[in-house]
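Listed here are the chains, written in short residue letters.
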Amino acid sequence: MEIAKLTIASIQEALRARRVSARELAQEALRTAREENPKTNAYLLLAEDRALRAAEAVDAALARGEDPGPLAGVPVAVKDNIVTRGVRTTCGSRLLEKFVPPYDATAVERLERAGAIVLGKTNCDEFAMGSSNENSAFGPVRNPVAPDRVPGGSSGGSAAAVAQGTAVAALGSDTGGSIRQPASFCGVAGLSPTYGRVSRYGLVAFASSLDRIGPLARNVRDAAMLLQAVAGRDERDSTSAFAPVPDYQASMTGEVRGLRVGVPREYFQGLTPDTAAQMEKARALLVSLGCELRGISLPHTAYAIPCYYIVCTAEASSNLARYDGVRYTWRSPQAGTLAEMYSMTRGQGFGAECKRRIMLGTYVLSAGYYDAYYLKAQKVRTLITRDFLAAFEQVDAIATPVSPFPAFRLGEKLDDPLQMYLSDIFTITASLAGLPALSVPCGRTPEGLPVGLQLIGPHFGEPLLFRLGEAFERAGGGSL
Ligand code: GLN
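Rules used throughout
Residues numbered from 1 in each chain as written. Predicted model: local features only at pLDDT ≥ 70, side-chain atom pairs only at ≥ 80, totals over all residues. Heavy atoms only, no water. Near = heavy atom within 4 Å. Polar contact = N/O pair within 3.5 Å; in protein donor to acceptor, adjacent residues only side chain to side chain. Areas by Shrake-Rupley, 256 points an atom, 1.4 Å probe, with all protein chains shown as cover. Helix = DSSP H or I, 4+ residues; strand = E, 2+ residues; numbered from the N terminus. Contact = heavy atoms within 4.5 Å. Phe/Tyr/Trp six-rings, centres within 6.5 Å; stacked < 30°, edge-to-face > 60°. Buried < 20%, exposed > 50% of the residue type's maximum accessible area, 1.4 Å probe, protein only. Pairing = 2+ DSSP bridges. Axes fitted to C-alpha atoms, helices over the stretch in contact; angles between N-to-C directions. Patch = residues over 30% accessible without salt bridge, like charges linked within 9 Å, V, L, I, M, F, W, Y side chains within 5 Å. Salt bridge = Lys/Arg side-chain N within 4 Å of Asp/Glu carboxyl O. Right-handed = clockwise from strand over helix to strand, strands pointing away.

### Focus: the site of the ligand
The local shell around the ligand holds 15 residues, among which Thr-175, Gly-176, Ser-178, Tyr-308 and Arg-357 are the closest. Within the backbone of Gly-130, an N or O atom sits 2.9 Å from a nitrogen atom of the ligand. Contacts to the ligand include Gly-176, whose backbone N or O atom sits 2.6 Å from an oxygen atom. Considered on its own, the ligand offers 290 Å² of accessible surface; in the complex 100% of this is hidden by protein.

Next up, the structure:
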């Protein structure tokens, strides 16, 4: 059983036919991950004991003739900003280098309840701030498709693990594009669900009004199955939605004829020629599937980057205040006084990007600037949301590139935060509006670098996105 070739359906079939045991699968996945990890640095930790125990529970259930669950035996990697009981969770930060959480995130609990095997924790930008995975305190991740390039970020480790074939699927988190952009850079599928669709309980907070947990997988169907297991109301997260979770598998009928797909003109500017060429092919494929493409406009798109970087830094400055040297493990050993404990712990513990955001966020929330920046950004956020709501009166879904460019070289944008922020120019609008958005592979550039197509849907429109994305994939979208 080659982990890189498995899908969730093939695992289900093999387990039930007794051609393999969950334990054998988990051992093979752990072995492959151990062997392959030095090439990418995708995993920060392999949770061997936990994985084997979970696999044994699946085998025991099968032996008793019980249903071991829809994700039985599926090796899944989990981003290291999602807490795991008894398994170190660092958020890519020195500050949490030794933090062992006392509880599981709801999403992890639900994955395991569905029979999945949590293999390990994946590398990410520190507290999920970044677009390249270079902000991790534990070294960057390399893109398995092109090792001199970044895998994207901040869920770069999760995307790389799936692309490299060490995990069948993974959980990531997306605040402004952190699932979709790495999925596109590594050539896998990734979904940022509707805000509130998946409980954030146990997701270490970056920007609470934007953060979501979502799936990455080698195909759309597997991403849908992962979402199925983790979605739904959770009493422990008051922002999780009561909306019932539909049957996502049933939505993938392959029938997309007559769907109206909006093509917003603001999203087709500034693309590299190779990305533009792939988008042309994607549009032609959608037309050949019977979709009706409509040119639309989302006029406030130009304000998305400044709006996002005000809202997310404001929330981050507040959320990150808890890392003070008193709670959560690390404390600067040089600190003598109380004031030194705070300043040295934070000064030495946080990386440059986190500090930049804490300072920016504190500034935009400060008396005198609050109205000019934070309040204004909230108003702009509403305008961006209204653009989408108006568009969804005319179209069923919206298609855009995920990123203006494919994976860039390690170090290329590190000294220029503004250039780095532009990686998310097409993903943060759906984040600000709370909308679901799916990244599906859309072929490769002549250099062999993956390109992603983003499909944005109305709130709770995941079934439609899966239907469209799966049809696109089945029609050869991935090898355009
Ligand atoms: N790259 C964006 C940022 O740095 C998005 C990160 C994310 O979605 N977590 O904020």
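### Some words on the side chain of Ser-93
Looking at the element boundaries, Ser-93 is found in the loop between strand E2 (75-79) and helix H4 (106-113). Within the local environment of Ser-93, its side chain forms a polar contact with the backbone nitrogen of Leu-95, the two atoms lying 3.2 Å apart. Every residue in contact with Ser-93, bar those within four places of it in the chain, is listed here: Glu-126, Phe-127, Ala-137, Phe-138 and Gly-349.

### Regarding the packing of aromatic side chains
Inspection of every chain in the model, using the stated rule, returns 15 aromatic pairs. For the pair Tyr-370 and Tyr-374, a centre-to-centre distance of 5.3 Å together with 50° between the ring planes defines the contact as tilted. With Tyr-370 and Tyr-374 both in helix H13 (residues 370-391), this residue pair falls four residues apart, about one helical turn. The class for Tyr-370 is partly exposed, based on a relative accessible area of 32%. An angle of 75° between the planes, with centres 5.9 Å apart, marks the rings of Phe-405 and Phe-408 as edge-to-face.

### A closer look at the sheet that holds strand E1 (residues 43-46)
The strand order across the open sheet built from 11 strands is E1-E3-E2-E4-E6-E5-E10-E11-E9-E7-E8, with neighbouring strands paired in mixed fashion. Because the sheet does not close on itself, it has two edges, and the strands there are E1 and strand E8 (292-296). Averaged over all pairs of adjacent strands, the angle between strand axes in this sheet comes to 30°, irrespective of strand direction. Here E2 runs beside strand E3 (residues 117-122); their pairing, made up of five bridges, is parallel. Its bridge partner being in E3, Val-78 is matched across the sheet by Lys-121. Taken strand by strand, helix H5 (residues 156-164) contacts E1, E2, E3, strand E4 (169-174) and strand E6 (212-217), and its axis lies near 155° from that of E4.

### A closer look at a nonpolar patch on the surface
On the surface, a cluster of nonpolar side chains totalling about 300 Å² of accessible area is made up of Val-326, Leu-338 and Tyr-342. Mapped onto the secondary structure, Tyr-342 falls in helix H11 (residues 338-349).

### Examining the side chain of Asn-319
Among the structural elements, Asn-319 can be located in helix H10 (residues 304-319). Within polar-contact distance, the side chain of Asn-319 engages the backbone oxygen of Phe-206 at 3.0 Å.

### Considering the pairing of E3
Where burial is concerned, most of E3 is hidden: six out of the six residues are buried. Across three bridges, the pairing between E1 and E3 is antiparallel. Directly across from Leu-45, in E3, lies its bridge partner Lys-121. For the crossover that starts at E2, traverses H4 and ends in the parallel E3, the hand is right-handed.

### Focus: unusual backbone geometry
Omega for the bond connecting Gly-153 with Ser-154 falls within 30 degrees of zero, at 5°, which places this linkage in the cis form. Looking at the element boundaries, Ser-154 is found in the loop between E3 and H5. Notably, Cys-91 is not glycine yet its phi reads approximately 55°, a positive angle. Along the chain, Cys-91 turns up in the loop between E2 and H4. The phi dihedral of Asn-133 is positive, around 70°, even though this residue is not glycine. With respect to the helices, strands and loops of the structure, Asn-133 is situated in the loop between E3 and H5.

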